[in-house]
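Structural description and commentary
Listed below, chain by chain, are the residues.
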Amino acid sequence: AVPIPYFQWAVSEYGNIKGLEFTLQKNPTYQDHIGLRLNYTLAQSVSTSSNPGDNYLSPVDPYSELPAFPLSEFPTANDIRHRVTFLTDFQWQNNQGPAIGGIHPLENVQLNFTTEWRSGSPYTRTDYNGRAIGEIRTERGPSFWVTDMRLTKTFPLNDWFGESFGKTAIELSLFVYNVFNLNHAVGLYTATGDADDQGLPFRRKLGDFSSQPYYKD
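Quick summary incoming for the structure in this document. (Residues numbered from 1 in each chain as written. Predicted model: local features only at pLDDT ≥ 70, side-chain atom pairs only at ≥ 80, totals over all residues. Heavy atoms only, no water.)

1. Describing the overall build of the protein chain
Tallying secondary structure elements over the protein chain gives one helix and nine strands in all. The globule rule puts the C-alpha radius of gyration for 217 residues at 17 Å, and the 29 Å found for the protein chain is more than 25% above it. The C-alpha extent of the protein chain, read off along each of the three principal axes, is 85 × 70 × 45 Å. A burial count over the protein chain gives 20% of its 217 residues as buried. Looking at the protein chain alone, contacts between residues at least 24 apart form 60% of all its contacts between residues at least 6 apart. Only carbon and sulfur atoms are counted for the fraction: they give 57% of the accessible area of the protein chain, which is about 16600 Å². Charge centroids of the protein chain, computed over 17 positive and 23 negative side chains, lie 3 Å from each other. (Helix = DSSP H or I, 4+ residues; strand = E, 2+ residues; numbered from the N terminus. Rg over C-alpha atoms; globule rule 2.2 N^0.38 Å. Buried < 20%, exposed > 50% of the residue type's maximum accessible area, 1.4 Å probe, protein only. Contact = heavy atoms within 4.5 Å. Areas by Shrake-Rupley, 256 points an atom, 1.4 Å probe, with all protein chains shown as cover. Lys, Arg positive; Asp, Glu negative; His and termini not counted. Charge placed at Lys NZ, Arg CZ, Asp CG, Glu CD.)

What follows is the structure in C-alpha coordinates.
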(Lines give C-alpha, C1' and ligand atoms only; values in the text may rest on other atoms or scores of the structure.)
Protein backbone atom coordinates (compact mmCIF):
# COMPACT_ATOMS: atom_id res chain seq x y z
CA ALA A 1 0.00 0.00 0.00
CA VAL A 2 1.15 3.54 -0.73
CA PRO A 3 1.42 5.63 2.44
CA ILE A 4 -0.70 8.76 2.61
CA PRO A 5 1.20 11.87 3.73
CA TYR A 6 -0.29 13.94 6.51
CA PHE A 7 0.51 16.93 8.70
CA GLN A 8 0.67 16.82 12.46
CA TRP A 9 0.44 20.02 14.48
CA ALA A 10 2.24 20.37 17.77
CA VAL A 11 1.53 23.05 20.36
CA SER A 12 5.06 24.29 21.03
CA GLU A 13 4.74 28.06 20.64
CA TYR A 14 4.02 30.87 23.06
CA GLY A 15 1.86 33.97 22.72
CA ASN A 16 0.70 36.83 24.89
CA ILE A 17 -1.76 39.68 24.29
CA LYS A 18 -2.32 42.54 26.71
CA GLY A 19 -3.74 46.01 26.46
CA LEU A 20 -5.55 48.97 27.99
CA GLU A 21 -8.69 50.70 26.79
CA PHE A 22 -9.98 54.17 27.69
CA THR A 23 -13.38 55.57 26.72
CA LEU A 24 -14.90 59.03 27.15
CA GLN A 25 -18.56 59.29 26.21
CA LYS A 26 -21.29 61.91 26.16
CA ASN A 27 -24.80 60.76 25.29
CA PRO A 28 -27.11 63.01 23.25
CA THR A 29 -29.83 64.73 25.26
CA TYR A 30 -33.25 66.05 24.36
CA GLN A 31 -31.89 69.60 24.40
CA ASP A 32 -28.50 69.53 22.62
CA HIS A 33 -28.93 66.45 20.33
CA ILE A 34 -25.14 65.84 20.23
CA GLY A 35 -23.34 62.70 21.36
CA LEU A 36 -19.57 62.17 21.47
CA ARG A 37 -17.48 59.07 22.07
CA LEU A 38 -13.68 58.88 22.16
CA ASN A 39 -11.98 55.52 22.54
CA TYR A 40 -8.25 54.80 22.77
CA THR A 41 -6.76 51.32 22.84
CA LEU A 42 -3.14 50.49 23.65
CA ALA A 43 -2.34 46.84 22.94
CA GLN A 44 0.61 44.52 22.50
CA SER A 45 0.44 41.14 20.78
CA VAL A 46 3.60 39.04 20.84
CA SER A 47 4.33 35.38 20.26
CA THR A 48 6.90 33.01 18.86
CA SER A 49 4.60 32.27 15.92
CA SER A 50 1.73 34.21 14.32
CA ASN A 51 0.17 31.16 12.67
CA PRO A 52 0.72 27.39 12.55
CA GLY A 53 2.93 27.60 9.46
CA ASP A 54 5.25 30.41 10.57
CA ASN A 55 8.09 28.14 11.66
CA TYR A 56 7.46 25.33 9.20
CA LEU A 57 10.66 26.07 7.26
CA SER A 58 12.79 27.15 10.19
CA PRO A 59 16.54 26.67 9.67
CA VAL A 60 18.14 23.60 11.20
CA ASP A 61 20.64 24.01 14.01
CA PRO A 62 23.94 22.52 12.70
CA TYR A 63 24.86 21.18 16.17
CA SER A 64 21.62 19.59 17.34
CA GLU A 65 20.23 19.00 13.82
CA LEU A 66 16.87 20.20 15.15
CA PRO A 67 14.77 23.10 13.83
CA ALA A 68 15.96 26.39 15.29
CA PHE A 69 12.68 27.75 16.62
CA PRO A 70 12.58 31.33 17.99
CA LEU A 71 13.60 31.52 21.64
CA SER A 72 11.93 34.87 22.39
CA GLU A 73 8.61 36.32 21.37
CA PHE A 74 8.22 38.98 18.68
CA PRO A 75 5.27 41.11 17.48
CA THR A 76 2.58 39.19 15.66
CA ALA A 77 1.39 40.21 12.21
CA ASN A 78 -1.75 41.81 13.67
CA ASP A 79 0.01 43.73 16.44
CA ILE A 80 -1.66 47.15 16.24
CA ARG A 81 -0.21 49.12 19.18
CA HIS A 82 -2.40 52.22 19.01
CA ARG A 83 -6.00 52.62 17.93
CA VAL A 84 -8.22 55.71 18.27
CA THR A 85 -11.94 55.82 17.44
CA PHE A 86 -13.93 59.05 17.54
CA LEU A 87 -17.72 59.07 17.08
CA THR A 88 -19.86 62.17 16.61
CA ASP A 89 -23.59 61.51 16.83
CA PHE A 90 -26.48 63.90 16.08
CA GLN A 91 -30.01 62.83 17.01
CA TRP A 92 -33.36 64.58 16.64
CA GLN A 93 -36.55 63.15 18.11
CA ASN A 94 -40.14 63.62 16.97
CA ASN A 95 -41.02 67.27 16.15
CA GLN A 96 -37.43 68.41 16.72
CA GLY A 97 -34.99 70.26 14.50
CA PRO A 98 -35.50 73.31 12.29
CA ALA A 99 -39.00 73.76 10.85
CA ILE A 100 -39.86 74.73 7.27
CA GLY A 101 -43.52 75.52 6.77
CA GLY A 102 -44.42 73.62 9.91
CA ILE A 103 -42.48 70.53 8.77
CA HIS A 104 -39.42 69.27 10.68
CA PRO A 105 -37.23 67.59 8.02
CA LEU A 106 -34.70 66.42 10.65
CA GLU A 107 -37.18 64.86 13.06
CA ASN A 108 -36.42 61.22 13.87
CA VAL A 109 -33.06 61.55 12.13
CA GLN A 110 -29.75 60.18 13.37
CA LEU A 111 -26.50 61.27 11.72
CA ASN A 112 -23.15 60.03 12.92
CA PHE A 113 -19.55 60.16 11.77
CA THR A 114 -17.03 57.53 12.86
CA THR A 115 -13.33 58.25 12.47
CA GLU A 116 -10.79 55.51 13.12
CA TRP A 117 -7.00 55.87 13.25
CA ARG A 118 -4.59 53.05 13.94
CA SER A 119 -0.85 52.65 13.86
CA GLY A 120 0.90 50.57 11.22
CA SER A 121 1.32 46.81 11.17
CA PRO A 122 4.74 45.30 11.87
CA TYR A 123 6.95 43.72 9.24
CA THR A 124 10.48 42.32 8.92
CA ARG A 125 13.05 44.36 7.03
CA THR A 126 14.64 42.45 4.14
CA ASP A 127 17.24 43.04 1.48
CA TYR A 128 16.41 43.28 -2.22
CA ASN A 129 16.51 39.49 -2.51
CA GLY A 130 13.93 38.96 0.24
CA ARG A 131 16.38 37.82 2.93
CA ALA A 132 15.70 39.14 6.42
CA ILE A 133 18.29 41.67 7.56
CA GLY A 134 16.65 42.75 10.81
CA GLU A 135 14.85 41.35 13.79
CA ILE A 136 11.45 39.79 13.21
CA ARG A 137 8.70 42.42 12.74
CA THR A 138 10.51 45.34 14.36
CA GLU A 139 9.63 47.75 11.53
CA ARG A 140 6.25 49.45 11.20
CA GLY A 141 4.20 50.13 8.11
CA PRO A 142 2.19 53.31 7.48
CA SER A 143 -0.68 54.25 9.75
CA PHE A 144 -4.32 54.14 8.63
CA TRP A 145 -7.29 56.40 9.19
CA VAL A 146 -10.76 56.60 7.70
CA THR A 147 -14.07 58.37 8.32
CA ASP A 148 -17.44 56.73 7.69
CA MET A 149 -20.91 58.26 7.82
CA ARG A 150 -24.34 56.82 8.58
CA LEU A 151 -27.65 58.66 8.09
CA THR A 152 -30.83 57.08 9.46
CA LYS A 153 -34.40 58.34 9.09
CA THR A 154 -37.23 56.72 11.05
CA PHE A 155 -40.89 56.93 10.01
CA PRO A 156 -43.24 55.92 12.88
CA LEU A 157 -46.32 54.29 11.35
CA ASN A 158 -48.59 55.53 14.13
CA ASP A 159 -48.14 59.06 12.73
CA TRP A 160 -49.82 57.91 9.51
CA PHE A 161 -52.21 55.13 10.53
CA GLY A 162 -53.02 55.86 14.16
CA GLU A 163 -52.05 54.48 17.54
CA SER A 164 -53.12 50.96 16.59
CA PHE A 165 -49.67 50.48 14.99
CA GLY A 166 -47.96 51.10 18.34
CA LYS A 167 -44.20 51.57 17.99
CA THR A 168 -43.94 49.98 14.53
CA ALA A 169 -41.76 52.09 12.25
CA ILE A 170 -39.95 52.06 8.91
CA GLU A 171 -36.25 52.90 9.09
CA LEU A 172 -34.13 53.91 6.12
CA SER A 173 -30.34 54.09 6.39
CA LEU A 174 -27.63 55.49 4.15
CA PHE A 175 -24.02 54.41 4.68
CA VAL A 176 -21.07 56.30 3.18
CA TYR A 177 -17.70 54.64 3.65
CA ASN A 178 -14.43 56.57 3.38
CA VAL A 179 -16.08 59.98 3.28
CA PHE A 180 -12.86 61.81 2.35
CA ASN A 181 -11.96 59.24 -0.33
CA LEU A 182 -8.52 58.54 1.13
CA ASN A 183 -6.18 56.02 -0.46
CA HIS A 184 -4.12 53.85 1.86
CA ALA A 185 -1.34 51.39 1.16
CA VAL A 186 -2.44 47.77 1.35
CA GLY A 187 1.17 46.55 1.32
CA LEU A 188 4.75 47.72 1.08
CA TYR A 189 8.15 46.64 -0.13
CA THR A 190 10.02 45.30 2.88
CA ALA A 191 13.38 46.31 1.42
CA THR A 192 12.53 50.03 1.33
CA GLY A 193 9.56 50.34 3.69
CA ASP A 194 7.72 52.18 0.90
CA ALA A 195 4.48 51.21 -0.82
CA ASP A 196 5.56 52.62 -4.21
CA ASP A 197 9.35 52.34 -4.34
CA GLN A 198 10.75 48.83 -4.74
CA GLY A 199 14.29 50.24 -4.70
CA LEU A 200 15.47 48.33 -7.76
CA PRO A 201 15.39 51.11 -10.43
CA PHE A 202 18.23 52.93 -8.67
CA ARG A 203 20.18 49.85 -7.63
CA ARG A 204 22.68 49.79 -10.49
CA LYS A 205 26.16 48.30 -10.71
CA LEU A 206 28.98 48.17 -13.21
CA GLY A 207 28.00 46.22 -16.28
CA ASP A 208 24.33 47.17 -16.25
CA PHE A 209 24.87 49.67 -19.06
CA SER A 210 26.52 49.16 -22.41
CA SER A 211 29.72 51.03 -23.25
CA GLN A 212 28.39 51.73 -26.75
CA PRO A 213 27.52 55.44 -27.09
CA TYR A 214 24.12 56.21 -28.61
CA TYR A 215 24.59 59.91 -29.19
CA LYS A 216 26.95 62.33 -30.92
CA ASP A 217 28.23 65.69 -29.81
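2. As for the environment of Glu171
Within the element layout of this structure, Glu171 appears in strand β9 (residues 169-176). Taking the C-alpha atoms as reference, Glu171 lies 47 Å from Asp54; in sequence the two are 117 residues apart. Among all residues touching Glu171, those that are not within four sequence positions of it are Thr152, Lys153 and Thr154.

3. Quick look at the environment of Arg131
Topologically, Arg131 is positioned in the loop between β6 (122-123) and β7 (139-140). Through-space distance from the C-alpha of Arg131 to that of Thr190 is 9.8 Å; in sequence the pair is 59 residues apart. When near neighbours in sequence (up to four residues on either side) are disregarded, Arg131 contacts Arg125 and Thr126.

4. Some remarks on the pairing of strand β4 (residues 82-92)
Sheet analysis places strand β2 (residues 34-47) next to β4, joined by nine bridges and oriented antiparallel. If you follow Thr41 over to β4, its bridge partner there is Arg83. Both β4 and strand β5 (residues 109-118) contribute to a ladder of 10 bridges, which runs antiparallel. Considered in β5, the bridge of Trp92 is made with Val109. (Pairing = 2+ DSSP bridges.)

5. Thoughts on unusual backbone geometry
Here the phi dihedral of Asn95 falls at roughly 65°; this positive angle occurs in a residue that is not glycine. Counting through the fold element by element, Asn95 comes out in the loop between β4 and β5. Judged by relative accessible area, Asn95 falls into the exposed class, the value being 52%.

6. Some points on the pairing of strand β8 (residues 144-156)
The sheet contact formed by β5 and β8 spans 10 bridges and is antiparallel. Residue Arg118 lies in a different strand from β8, and its bridge partner there is Phe144. Of the strand pairs in this sheet, β8 and β9 are connected by eight bridges, and their pairing is antiparallel. When the bridges of β9 are listed, Pro156 appears paired with Ala169.

7. Some points on the packing of aromatic side chains
Per the stated rule, a full pass over the model turns up three aromatic pairs. Pairing Phe90 with Trp92 gives two aromatic rings, centres 6.3 Å apart and planes at 15°, and the pair type is stacked. Overall, the relative accessible area of 22% leaves Phe90 in the partly exposed class. With 6.3 Å between their ring centres and 10° between their planes, Phe175 and Tyr177 make a pair best called stacked. Note on Phe175: relative accessible area 45%, which makes it partly exposed. (Phe/Tyr/Trp six-rings, centres within 6.5 Å; stacked < 30°, edge-to-face > 60°.)

8. Some details on a nonpolar patch on the surface
Taken together, Leu24, Ile34, Leu36, Leu38 and Phe86 make up a surface patch of nonpolar side chains, about 410 Å² in accessible area. If one sorts the elements of the nonpolar patch by residue count, β2 sits on top with three residues. Look at Leu24 and you get exposed, because its relative accessible area is 61%. (Patch = residues over 30% accessible without salt bridge, like charges linked within 9 Å, V, L, I, M, F, W, Y side chains within 5 Å. Salt bridge = Lys/Arg side-chain N within 4 Å of Asp/Glu carboxyl O.)

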